[in-house]
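Structure assessment
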Amino acid sequence: MPKTIFQKIIDREIPAKIVHEDEHCIAFHDVQPEAPVHVLVVPKKLIARVGEATTQDEATLGHLLLTAGNIARELNLDAGFRLVINNGPHGGESVPHLHVHLLGGRQLTWPSG
Ligand code: DGP
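The rules behind each value
- Residues numbered from 1 in each chain as written.
- Predicted model: local features only at pLDDT ≥ 70, side-chain atom pairs only at ≥ 80, totals over all residues.
- Heavy atoms only, no water.
- Helix = DSSP H or I, 4+ residues; strand = E, 2+ residues; numbered from the N terminus.
- Buried < 20%, exposed > 50% of the residue type's maximum accessible area, 1.4 Å probe, protein only.
- Contact = heavy atoms within 4.5 Å.
- Areas by Shrake-Rupley, 256 points an atom, 1.4 Å probe, with all protein chains shown as cover.
- Lys, Arg positive; Asp, Glu negative; His and termini not counted.
- Charge placed at Lys NZ, Arg CZ, Asp CG, Glu CD.
- Core = buried A, V, L, I, M, F, W, Y, C linked by side-chain atoms within 4.5 Å.
- Near = heavy atom within 4 Å.
- Polar contact = N/O pair within 3.5 Å; in protein donor to acceptor, adjacent residues only side chain to side chain.
- Nonpolar A, V, L, I, M, F, W, Y, C, P; charged D, E, K, R; others polar.

Here the focus is the overall build of the protein chain. Along the protein chain, the regular secondary structure elements total three helices and five strands. Traced from its N-terminal end to its C-terminal end, the protein chain shows the element sequence α-β-β-β-α-β-α-β. For the protein chain, the C-alpha atoms occupy an extent of roughly 40 × 30 × 25 Å along the three principal directions. Residues classed as buried in the protein chain amount to 38% of the 113 residues present. Sequence-distant contacts in the protein chain: of pairs separated by 6 or more residues, those separated by 24 or more amount to 52%. Total accessible area computed for the protein chain in this model is approximately 7,000 Å², and 55% of it derives from carbon and sulfur atoms. For the protein chain, the separation between the mean place of its 10 positive charges and that of its 13 negative charges on side chains is 4 Å.

Right, let's get into the nonpolar core. One broad trend across soluble globular proteins is that nonpolar side chains are buried collectively. Residues A27, V39, V41, L64, I71, L77 and L102 are the most contacted members of the largest nonpolar core, which totals 14 residues. Counting only elements with at least two residues in this core, the list comes to strand 2 (25-29), strand 3 (37-43), helix 2 (58-74) and strand 5 (100-104). Broken down by element, the residue count for this core peaks at four residues, all from helix 2. Contacts of L64, omitting those with residues within four sequence positions, involve C25, V41, V42, P43, L98 and V100. Grouped together as the second largest cluster of nonpolar side chains are eight residues, I10, L40, V42 and V95 included.

Residues in contact with the ligand amount to 17 residues; listed here are only the nearest, H29, D30, N86, S94 and H101. At 3.3 Å from a nitrogen atom of the ligand is found a main-chain nitrogen or oxygen belonging to V31. With respect to the ligand, the backbone of G92 contributes an N or O atom lying 2.9 Å from an oxygen atom. When the free accessible area of the ligand is taken as 510 Å², the share hidden by the protein chains comes to 84%. Mapped by element, the contributors of at least two residues to the shell around the ligand are helix 1 (5-10) and strand 2. Residue contributions to the shell around the ligand peak at three residues, all from helix 1. In the shell around the ligand, the residues fall into eight nonpolar, seven polar and two charged.

So yeah, pure geometry; function would need other evidence.
Next comes the structure, spelled out in structure tokens:
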């Protein structure tokens, strides 16, 4: 199976503005930001989408959320932020490598489109 674009970022084959990396995940600025802060938090383990995660991924999924919260604090998103996971065609997923969008820095509206 060909590498996903996010795997290429993890492997340093293509550049990204990385804001965090640890044993289990990497986080970098989205190339098409939808808000002043738009960071993607990506597990190093290839899980295609949350709908295909298993109980074996429980710790990884929790780690992604805790990391996103830590990054939000580091980026001073004190007024609030939003975490989004798109899943499958109707969810708007375009990269088949699980990622949490961290959006902030402006008033976000709800419901999303
Ligand atoms: P989604 O639609 O939920 O699968 O989100 C994929 C996001 O990935 C989208 O907001 C744009 C971003 N993206 C796609 N290719 C690249 C890339 O090469 N670098 C970076 N930093 N972000 C990318």
